[in-house]
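# Observations on the model geometry
Each chain is listed here by its residues.
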Amino acid sequence: MAFGQPRIEYKTNAQMRTMHEAGLVLSRALDAAVAAAAPGVTTRQLDEVFAAVLLEAGAKSNFLGYHGFPASICTSVNEEVVHGIPGEKVLQDGDIISIDGGAIVNGWHSDSARTVIVGTADPEDQRLSDVTEAAMWHGIAGLAKGKFVGDIGAAIDDYVSSVPGKPLGILEDYVGHGIGSEMHMAPDVLNYRTSHRGPKIRPGLCLAIEPMLVRGGIETAVLEDDWTVVTTDGKRSCQWEHSVAVHEKGIWVLSAPDGGAAKLEPLGVVPVPIPN
């Protein structure tokens, strides 16, 4: 602790390369889970598909058993925001589902989430997902261009506020985080603009950037399972997330096979592989 603040873990290049290995396994597992999301499929089946990829790769889930969480992914459907527990819920045509997962390779963690619309998409749900994903990439670009962790939330907030059409809400109760030898570490990564600049961005910093947007109000509640977070107004929600590393040459998206190049280059950021 420094002045009452949790100490930030700064990684070596070798440690960040191992985190990238974990991120690549995670990306493949999310690919499989997203591909399996279809009408008639249960959220438990998505969890089984995801877990099978990790098992084949020799990686471990960092969700399974985390404070007693009973699955390898969170499956949050419709008004569920985060931390939905996979089970017998059957996906229906038009559902929007956020799939959040993580993997551990040699003690180093990755964390990433994607949203998929099952079957026929409501245009407003598609807009919600598209804006949330773009907000994540703007936040990652904010990390690349910024000086302080607070610049990430400012970039996300500025982008979401600039999108034409009906305003979308940015959740404030749940935020991104540091990641490394544990899944959740300092610092918190806010998804909205605030006067608090946060810690300085410097090499070795690894963050999970994960905006959560809603079509209605930003108030949430936790269900009786003590995990699933829902919007109190029943409006639909969305989450996208990537783990990102800062090194002396630039940034690299640890949970993206291309390091984030395809999405970041249009935003003026060219990601750089982690040096040996």
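Everything below is about the structure printed above this text.
Residues numbered from 1 in each chain as written. Predicted model: local features only at pLDDT ≥ 70, side-chain atom pairs only at ≥ 80, totals over all residues. Heavy atoms only, no water.

## Some remarks on the nonpolar core
Counting 36 residues, the largest nonpolar core has I140, L143, I152, L207, I209 and L264 as its most contacted members. Broken down by secondary-structure element, the contributors of at least two residues to this core are α3 (123-145), α4 (150-162), β7 (185-189), β8 (206-209), β13 (242-247) and β14 (250-253). If one sorts the elements of this core by residue count, α3 sits on top with nine residues. Residues in contact with I209, not counting those within four places in the same chain, are M136, G139, I140, L143, I152, I156, V189, W240, E241, H242 and V244. By size, the runner-up hydrophobic cluster in this structure holds 22 residues, among which are A59, L91, I97 and A103. (Core = buried A, V, L, I, M, F, W, Y, C linked by side-chain atoms within 4.5 Å. Buried < 20%, exposed > 50% of the residue type's maximum accessible area, 1.4 Å probe, protein only. Helix = DSSP H or I, 4+ residues; strand = E, 2+ residues; numbered from the N terminus. Contact = heavy atoms within 4.5 Å.)

## Digging into the pattern of salt bridges
Scanning all chains against the criterion turns up 10 salt bridges. In this structure, D122 engages R215 in a salt bridge whose closest nitrogen and oxygen atoms are separated by 4.0 Å. Remark: R215 occurs in the loop between β9 (212-214) and β10 (220-222) and D122 occurs in the loop between β4 (108-117) and α3; sequence separation between them is 93 residues. For R215, a relative accessible area of 26% gives the class partly exposed. (Salt bridge = Lys/Arg side-chain N within 4 Å of Asp/Glu carboxyl O.)

## Let's talk about the sheet that holds strand β12 (residues 237-239)
Read across the sheet, three strands follow the order β5-β9-β12 without closing on themselves; strand pairing throughout is antiparallel. This sheet does not close on itself; its edge strands, each paired only once, are β5 (169-170) and β12. Inspection of the sheet shows β5 paired to β9 by two bridges, in the antiparallel sense. Bridging from a neighbouring strand, G169 pairs with V214 of β9. Packed onto the sheet, α3 meets β9 and β12 and runs at close to 30° relative to β12. (Pairing = 2+ DSSP bridges. Axes fitted to C-alpha atoms, helices over the stretch in contact; angles between N-to-C directions.)

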